[in-house]
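Coordinate inspection notes
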2 protein chains.
Amino acid sequence: MQSALYDALAARLGPKGVAADPQTLAPHLEEWRGRHHGRTPFMVMPASTDEVAFVVRACADAGAAITPQGGNTGLVGGQIPDGEVLLSLKRMNAIRAVDAVDDALIAEAGVVLSAVHEASARADRLFPLSLASQGSATIGGLISTNAGGVHVVRYGMMRDLVLGIEAVLPNGDIFHGLKSLRKDNTGYDLKQLFIGAEGTLGVVTAAALKLFPRPRAHAVACCAVERAEDAIALLHFIKSETGALAAFEIMNRESRAMTVRNVGRRDPFPDAAYVALIECEAAGEDGLRPVLERALSAAISENLAQDAVIAQSEREAQDFWALREDISAGHKPEGEQISSDVSVPVSKVPAYLAEAETAVRAVLPGARIVAFGHAGDGNLHYTVAEARKGSGAAFPRERLNEAVHDIAVRLGGSISAEHGIGVARRSDFERYKDAQSIALMRAVKTAIDPRNIMNPRVLLG
Amino acid sequence: MQSALYDALAARLGPKGVAADPQTLAPHLEEWRGRHHGRTPFMVMPASTDEVAFVVRACADAGAAITPQGGNTGLVGGQIPDGEVLLSLKRMNAIRAVDAVDDALIAEAGVVLSAVHEASARADRLFPLSLASQGSATIGGLISTNAGGVHVVRYGMMRDLVLGIEAVLPNGDIFHGLKSLRKDNTGYDLKQLFIGAEGTLGVVTAAALKLFPRPRAHAVACCAVERAEDAIALLHFIKSETGALAAFEIMNRESRAMTVRNVGRRDPFPDAAYVALIECEAAGEDGLRPVLERALSAAISENLAQDAVIAQSEREAQDFWALREDISAGHKPEGEQISSDVSVPVSKVPAYLAEAETAVRAVLPGARIVAFGHAGDGNLHYTVAEARKGSGAAFPRERLNEAVHDIAVRLGGSISAEHGIGVARRSDFERYKDAQSIALMRAVKTAIDPRNIMNPRVLLG
């Protein structure tokens, strides 16, 4: 059966479109951090929407499930097959159009995010989604996981940046929703179904993305902050006073210390309980830096921050950002740990940090808490590491996970702010998501994919 | 049957919660422009989410269909019952919470938009959705129709302004999605189902809305523009140069002349083919006006505009806006006419205006064309009036409608940018929407509302 399917697909897609040798498959079956390992009868690499439609229809007819894959940068295993046919979108990598007047760019699913950034910049426009894996992550995957990143506080998540979608449905039909319209109220907004669906409702093949005027002025600052309450008050103050806030990240002392130690980054305020990393941007050259300086001075005199430094060069701005971006690399070598991707309403961030610390220490008194992330969106990557690397002491992974997630949910938050569910968060999803929502999701899934062809182990499982 | 249902609902909701007398029902059965007249066995006015759930469950059990109604300001008849039970949300009018740090406001469905504006302003925040009917339109209706208005170019449509939704499903269950989170990737984003669904998938009972820092500076300008191409080039230039564009409307000469004549408004540039109305805003007091002045001077020297005037007072800014807002009142007394709500990609606005004029004049040589609207979003309210009021000549309504819509669709546009489908655009919807999309919508509708209880004549019909 699989062999007949392979032959049919190979006949249509040609030798560049199919692969079954272990060497070619290997990098597609391994999650980049090594946390998920997969298997597949074969991989298909269609080069056009019609070829994707052919693949999906053939698989559906053969009863073979499909796992779509973009840049293989997902963090919850949703892109790794476990027996499904692996559908790589990497050959669909054309930018079909860039229009600065429409403020729209049409990219195929396999286009890498950094290529979208470059094409936008060439048209003097900005595509604002920005995250660590932007050199590998693809548009199809970013849409399918509703990616977030560091500029959500100003521009929203991927869902907010999509004008139109072209997708192949689970029966092989093509959904033609690739419009660059700002307004279209002709019925249900079907493109929303595919955004954040983790490949369970179809295969995104292309998208029309929102562009913005390219800001000509940037200013990046680090602030030393003693209390989480002050960090959130600072966020509110800077957002309101400047109207120009584009990123607001926090890093607790442990997160920076590990990054300094293990990656060699510089921490401008090593003694501060928190460092807030602030980025502002504006259309025009003049005025942004004085506005930010004034706001930071006022914040310091109000005791929202103890000290602040504004980057004096592009190089210094990059150094500030490197401290933040290397936190993951910074704590990776520190032994046993659990990581998370929680969110709470922004005003609840201080309560979260206080309550989570108490709960974590009740489970594991000597735990090292690495708390950092997108505080401007209420999104923390809250990581708990064992007291000492290689201590050999028992590491109560499950109980720590529960402690971290219970408090997020109790504060009206989410157990997966931007990474999605995939397979890694399936049990958390079933534990924390209300039954009503799960039932509604299943109703939608059954309506669109009645034969459960699309990424069937992921999300709803 | 209806009588038993009425008795059961009256017993639960009390005398304030039900009405069947013609005098009370009358204003709810008449569309405000008199274009749709309805009928209903009775109206229910639940005062809480639990009461809404009771009503929907009771109606579903009795097989009685429901039409939800907010402020009765809809323009396509979706809120007017024709035999359905009328469910008015007007008693659910509490603002449950305003949080300036979360930048979130929780309002029940019956809260009027202007009340949300006022509550936001009291917290020094902005809720940016703004449209002519804001003194009557309610949050539930604005969500159910994915309302647009004049600030979409900066803040997006209602869909972009909703953080969470509470809704009653067609079986009477309550969907608890009333979160104020900026990020939550735990499965399908179910709230999207209810936004723009025109009451066909459930009853929105409350929503968490996004707030923004309240801009302290505003600048409003009118520009005289000779060609539609120049208007769009001006839009692009002002958007890019200022980074502060909050509204960009255009009005052709006919639209302004009728408004001057019939409403008594002042037109700053009566001879101009188009007037572009521009609003900019910024967080801080200083700098906005000089930035706009500089941009407009540059635009004039580039021949994108012939002349421009910046409002020197709040009063003058209001006068500029009044010319735009009274255009509907301006052409209403001008005899037979068709109106539309088309959108095209922004860059296609000039092509639309040229091609539509040719097509309209081919159908009705002396037609007067009233072209105005949200050019910044590619959304035009393109109206065609008979050559002379009361001429008695045949007015080829259907052929004009087709001409106006055919061209929008041919240019990749929409036949209903912001008003929705309701009943008024049902035949256009079936004519222009692709079969694939309609099939997908029906699949979703059947999955969520298998008994077709919710607003069954509307949208999918």
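Attention in this report is confined to the structure presented alongside it. (Residues numbered from 1 in each chain as written. Chains lettered and ligands numbered in written order. Predicted model: local features only at pLDDT ≥ 70, side-chain atom pairs only at ≥ 80, totals over all residues. Heavy atoms only, no water.)

1. A few points about the pattern of salt bridges
- Here the structure, examined in full by the defined rule, presents 58 salt bridges over all chains.
- The partner of A:K183 in a salt bridge is B:E418, and the shortest N-O contact between them spans 2.9 Å. Pair noted here: A:K183 is in the loop between β9 (174–177) and α7 (191–194) and B:E418 is in the loop between α14 (397–410) and α15 (426–432), and the two residues belong to different chains. No difference in accessibility class separates A:K183 from B:E418, as the two residues are buried.
- By sharing partners, the salt bridges in this structure join A:R96, A:E108 and A:E166 into a single network. (Salt bridge = Lys/Arg side-chain N within 4 Å of Asp/Glu carboxyl O. Helix = DSSP H or I, 4+ residues; strand = E, 2+ residues; numbered from the N terminus. Buried < 20%, exposed > 50% of the residue type's maximum accessible area, 1.4 Å probe, protein only.)

2. Things to note about the sheet that holds strand β2 (residues 43–44) of chain A
Residues and elements named next belong to chain A.
- Sheet architecture is open: four strands sit in the order β1-β2-β4-β3, paired in mixed fashion. Of all the strands in the sheet, the pair left with one neighbour each is β1 (18–19) and β3 (66–69).
- Across two bridges, β1 lies against β2 in antiparallel orientation. Note on β2: the bridge partner recorded for V18 is V44.
- Contacts from helix α3 (residues 49–62) reach β2, β3 and β4 (85–88) within the one sheet, and its direction differs from that of β4 by about 170°. (Pairing = 2+ DSSP bridges. Contact = heavy atoms within 4.5 Å. Axes fitted to C-alpha atoms, helices over the stretch in contact; angles between N-to-C directions.)

3. Section: the interface of chain B and chain A
- Listed per partner, the contact involves 81 residues of chain B and 81 residues of chain A.
- With both chains or domains summed, chain B and chain A bury close to 6200 Å², and 56% of this area falls on carbon and sulfur atoms.
- Among the residues chain B hides against chain A, the three largest losses belong to B:K183, B:N185 and B:Y188. Together they make up 16% of the total.
- In this structure, B:R159 and A:D189 form a salt bridge, with 3.3 Å as the shortest nitrogen-oxygen distance.
- Counting across the chain B and chain A interface gives 44 residue pairs in polar contact (both at pLDDT 80 or more).
- Sorting the residues of the side of chain B that touches chain A by element identifies β9 (174–177), α7 (191–194), α8 (228–242) and α16 (435–448) of chain B as the ones contributing at least two each.
- Looking at the side of chain B that touches chain A, the element that brings in the most residues is α16(B), giving nine residues.
- In the side of chain B that touches chain A, the residues fall into 31 nonpolar, 27 polar and 23 charged. (Buried area = accessible area lost by both parts, 1.4 Å probe. Polar contact = N/O pair within 3.5 Å; in protein donor to acceptor, adjacent residues only side chain to side chain. Nonpolar A, V, L, I, M, F, W, Y, C, P; charged D, E, K, R; others polar.)

4. Brief notes about the packing of aromatic side chains
- In the structure shown here, the tally under the stated rule is eight aromatic pairs over all chains.
- Between B:Y352 and B:Y382, the aromatic rings sit 5.5 Å apart at their centres with planes inclined by 85°, giving edge-to-face as the arrangement. In this pair, B:Y352 is assigned in helix α13 (residues 349–363) and B:Y382 in strand β19 (residues 379–385), connecting sequence segments 30 residues apart. The pair B:Y352 / B:Y382 is uniform in exposure class, with both members buried.
- For A:R33, the ring lying beneath its charged end belongs to A:W32, and the centroid distance is 5.7 Å. (Phe/Tyr/Trp six-rings, centres within 6.5 Å; stacked < 30°, edge-to-face > 60°. Lys NZ or Arg CZ within 6 Å of the ring centre and 35° of its normal.)

5. Points about the side chain of B:S240
- By secondary structure assignment, the location of B:S240 is in helix α8.
- Its relative accessible area of 7% is what places B:S240 among the buried residues.
- With residues near it in sequence (within four places) discarded, B:S240 still touches A:R125, A:P213, A:R216 and A:A283.

6. Quick look at the relation of the copies chain B and chain A
- It takes a turn of 180° to lay chain B on chain A, together with a shift of 0.0 Å along the axis; the resulting RMSD is 0.0 Å. On the angle and the small slide along the axis, the relation comes out as a two-fold axis.
- Here 100% of the interface residues in chain B have copies in chain A that are interface residues too; the copies meet face to matching face. (Least-squares fit on C-alpha atoms with pLDDT ≥ 70 in both.)

7. Concerning the nonpolar core
- Counting 88 residues, the largest nonpolar core has A:I139 and B:I139 as its most contacted members.
- When near neighbours in sequence (up to four residues on either side) are disregarded, A:I139 contacts A:A107, A:E108, A:A109, A:V111, A:L113, A:V116, A:M158, A:A207 and A:L209. (Core = buried A, V, L, I, M, F, W, Y, C linked by side-chain atoms within 4.5 Å.)

8. Points about unusual backbone geometry
Residue and element names in this part refer to chain B.
- Positive phi, close to 55°, is recorded for N72, a residue that is not glycine.
- By the element assignment, N72 lies in the loop between β3 (66–69) and β4 (85–88).
- N72 sits in the buried class, given a relative accessible area of 11%.
- With a phi close to 60°, D124 is a non-glycine residue in the positive phi region.
- Within the secondary structure, D124 sits in the loop between α4 (113–122) and β7 (125–126).
- A relative accessible area of 32% means that D124 is categorised as partly exposed.

9. A few points about the state of the cysteines
- Per the counting criterion, the structure on display carries zero disulfides over all chains.
- Take A:C223: it sits in no disulfide, and the sulfur closest to it among the cysteines is that of A:C222, at 7.4 Å.
- The closest cysteine sulfur to the non-disulfide-bonded B:C280 is located on B:C223, 9.8 Å from its own sulfur.
- Under the relative-accessibility criterion, B:C280 is labelled buried at 0%. (Disulfide = S-S within 2.5 Å.)

10. Some remarks on the side chain of B:Q79
Residues and elements named next belong to chain B.
- Counting through the fold element by element, Q79 comes out in the loop between β3 and β4.
- In this structure the side chain of Q79 is engaged in a polar contact, spanning 2.9 Å, whose partner is the side chain of N72.
- Beyond its immediate stretch of four places on either side in the chain, Q79 contacts E31, T67, P68, Q69, N72, T73, G74 and L86.

11. Here's the deal with the sheet that holds strand β6 (residues 104–108) of chain B
Residues and elements named next belong to chain B.
- With antiparallel pairing, the five strands of this open sheet are ordered in space as β5-β6-β10-β8-β9. Every interior strand has two partners, whereas the edge strands, β5 (95–99) and β9, have only one. Across the sheet, the mean angle separating the axes of adjacent strands is 15° when strand polarity is ignored.

12. Re the packing of helix α1 (residues 2–13) of chain A against α3(A)
Residue and element names in this part refer to chain A.
- Running from amino to carboxyl end, α1 crosses α3 at an angle of 165°, the nearest separation of the two axes being 10 Å. Between α1 and α3, the interaxial angle falls into the category roughly antiparallel. Crossing geometry of α1 relative to α3 is assigned as right-handed. Packed against α1, whose contacting residues are L5, A8, L9, R12 and L13, the element α3 presents D50, E51, F54, V55, A58, C59 and A62 at the interface.
- Grouping the constituent residues of the contact of α1 with α3 by class yields nine nonpolar, no polar and three charged. (Parallel < 35°, antiparallel > 145°, perpendicular 65-115°, else oblique. Left-handed = near helix turned anticlockwise from the far one by under 90°.)

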